[in-house]
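Residue-level listing of the chains:
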Amino acid sequence: MNKKLNIWLGLYLLVQSVLTTANAEPAVEVLKQDFVFPNKIAGFPAKLSDIKGLEINYFTTNDGVKLAYWQAGKGKPVIFVPGWSANGADFIDVIYLLSSGYKVIVLDPRNQGLSEQVRQGQRISRYSMDLKQLTEHLAIKKADFVGWSMGASVLWGYIDLFGTESINKLVWIDEPISIYTREDWSEQERRNAGGMTTSAERMIAAFAGAPTNNQVVDMKVMERFMAQDSLHFQNSQAFAKTVIKNNPEYMAQVLFDHITNDWRDVVQYKLDMPVAIFSGELSHNLPSQQWAQSVIPGAKLYVYTSAEQGDHFLAAKNPVKFVADLKAFLQ
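Each value, and the rule that gives it
Numbering of residues begins from 1 in every chain and follows the order in which that chain's sequence is written. The predicted nature of this model means local features are confined to residues of pLDDT at least 70 and side-chain atom pairs, given and counted, to a pLDDT of 80 or more, with totals for whole chains, interfaces and linings taken over all residues. As a rule here, side-chain values come from all non-hydrogen atoms in the structure, and water together with hydrogens is ignored. Working definition: with a 1.4 Å probe on protein chains only, accessible area under 20% of the residue-type maximum means buried, over 50% means exposed, and in between means partly exposed. A run of H or I in DSSP becomes a helix once it reaches four residues, and a run of E becomes a strand once it reaches two; helices and strands are each numbered from the N terminus. Paired strands, as defined in this entry, are two strands with at least two bridges between them according to DSSP. With the strands pointing away from the viewer, any crossover whose connection runs clockwise from the first strand over the helix to the second is right-handed. pLDDT: the predictor's confidence for each residue, scored from 0 to 100. Contacts are assigned to residue pairs that have any heavy atoms within 4.5 Å of one another. We call two N or O atoms a polar contact when they sit within 3.5 Å, provided that within protein one can donate a hydrogen and the other can accept it, with sequence-adjacent residues counted only if both atoms are side-chain atoms. In this analysis, rings of Phe, Tyr and Trp, with Trp reduced to its six-membered ring, are considered paired at centre separations within 6.5 Å, and the interplanar angle assigns stacked below 30 degrees, edge-to-face beyond 60, and tilted for intermediate values. Working rule: Lys NZ or Arg CZ, within 6 Å of ring centre, within 35 degrees of ring normal, means a charge sits over the ring.

Undergrad: It is not clear to me how the pairing of strand β7 (residues 167-173) should be interpreted in this structure. Could you clarify?
TA: Side chains on a regular strand alternate between the two faces of the sheet. The element β7 is extensively covered by neighbouring structure, given that six of its seven residues are classed as buried. Strand direction decides the pairing type here: strand β6 (residues 143-148) and β7, joined by five bridges, are parallel. Within β7, the position partnered with Trp 148 by the bridge is Ile 173. Where the polypeptide runs from β6 across helix α5 (residues 150-162) and back to β7, its parallel neighbour, the crossover connection is right-handed. Of the pairings in the sheet, the one linking β7 to strand β8 (residues 275-280) comprises four bridges and is parallel in character. Across the sheet, residue Leu 170 finds its bridge partner in β8, namely Val 275.

Structure (structure tokens):
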């Protein structure tokens with residue numbers, strides 16, 4: 001009986017996968033425009049329509065929110081969860097490179113990218129549920145997962161809520177284990193956790209442009225973003241600004257919950273799969289990523305140099321090296 005049930009379940013998942021792929025639309029048609037990248041880079045597409053097979057699709061969560069996801073390529077699924085305010089457009093070069101050997105899927109979190117703007121569900125736990133429902137929509141039972149910045153927190157929340165059975169390998173890029181610094185921590189505890197603010201409210205205001213100082217909020221991330229010191233990064237940012245219309249008021253709502261979560265127990269005790277962590281010399285998050293590697297058996301840490309664009313945006317600024325390292329780990 002169990003054998004027949006498994007056969008029927010397998011057929012159902014196969015049909016669901018075919019149906020969801022068939023419903024996906026070419027990105028150019030969904031966006032209703034092509035896009036010419038401002039910098040011509042050898043080996044990379046000159047315009048969006050040069051990325052063959054890039055599609056955008058939508059699904060609706062169980063609380064009624066319409067979420068978008070980008071997909072390209074065939075093979076083993078690799079699911080990306082972008083950071084706060086980011087979306088599939090920010091990963092366009094990564095999608096292009098990685099889709100040559102994998103089925104790449106990038107979720108636009110609620111209130112980000114092409115996903116619906118709503119006031120409900122502004123918690124990391126809800127974003128983790130959204131991720132689970134994406135996998136159910138695509139009938140994916142097991143995949144490699146990559147989280148950048150806040151996307152790593154979404155993955156930690158996913159593991160905390162749903163376990164690790166659906167995760168083949170886990171990758172995250174430069175995310176503090178706890179953004180908020182507790183008053184009773186030693187300096188070593190702060191460095192291990194990656195604490196970068198003593199006030200969630202002040203950090204949210206600083207991200208909106210309010211004045212601050214490094215004792216209250218570490219603004220290294222914003223400094224590295226403003227540098228715009230990579231042709232790849234310039235291309236993806238120009239593309240995102242053209243096709244995405246984010247609303248800062250809606251995006252800001254999740255920040256308080258994001259800032260105040262402490263994921264040290266998940267990182268230290270709940271990661272039982274192969275783990276890779278990416279950080280760099282230009283990131284103040286590096287000590288916390290080193291601590292995470294030290295408490296996760298067998299975890300691999302990739303530290304990019306200054307010359308390799310080793311900051312919070314390393315995947316978008318240096319997609320060639322990042323994808324090469326990612327492929328080596330996934331294989």
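Undergrad: What is the right way to read the confidence of the model for the protein from this model?
TA: Detailed conclusions should not be drawn from predicted coordinates in areas where pLDDT is low. For the protein, mean pLDDT is 93; residues scoring 70 or higher make up 93% of the total. Below a pLDDT of 50 lies the segment residues 9-22, which in the model reaches 13 contacts outside its immediate sequence neighbourhood of four places, other chains included.

Undergrad: Explain the environment of Ser 99 to me, please; I cannot follow it from the model alone.
TA: For Ser 99, the location among the structural elements is in the loop between α3 (92-98) and β5 (103-108). On the accessibility criterion, Ser 99 (16% relative accessible area) is buried. A sequence separation of 25 residues divides Ser 99 from Lys 74, and the C-alpha atoms of the two residues are 6.9 Å apart. A polar side-chain atom of Ser 99 sits 3.2 Å from the main-chain carbonyl oxygen of Tyr 96.

Undergrad: What is the right way to read the packing of aromatic side chains from this model?
TA: The relative placement of two aromatic rings is captured by the distance of their centres and the angle of their planes. In the structure shown here, the tally under the stated rule is 20 aromatic pairs. Centre to centre, the rings of Phe 145 and Tyr 158 are 5.6 Å apart; their planes meet at 35°, and the pair counts as tilted. Of this pair, Phe 145 sits in strand β6 while Tyr 158 sits in helix α5, placing them 13 residues apart in sequence. Both residues of the pair, Phe 145 and Tyr 158, count as buried. Ring centres of Trp 156 and Trp 263 lie 6.4 Å apart, and the angle between their planes is 50°; this geometry places the pair in the tilted category. Separated by 107 residues along the polypeptide, Trp 156 in helix α5 and Trp 263 in the loop between α11 (255-260) and α12 (264-269) bring together distant segments of the chain. When its relative accessible area of 0% is taken as the criterion, Trp 156 is described as buried. By way of ring pairs, the aromatic residues Phe 80, Phe 91, Trp 148, Phe 225, Phe 233 and Phe 313 are connected into one cluster. Geometry around Tyr 58 places Lys 66 over its ring, the cationic atom sitting 4.5 Å from the centre. Above the ring of Phe 162, the side-chain terminus of Lys 132 is found at 5.3 Å from the ring centroid.

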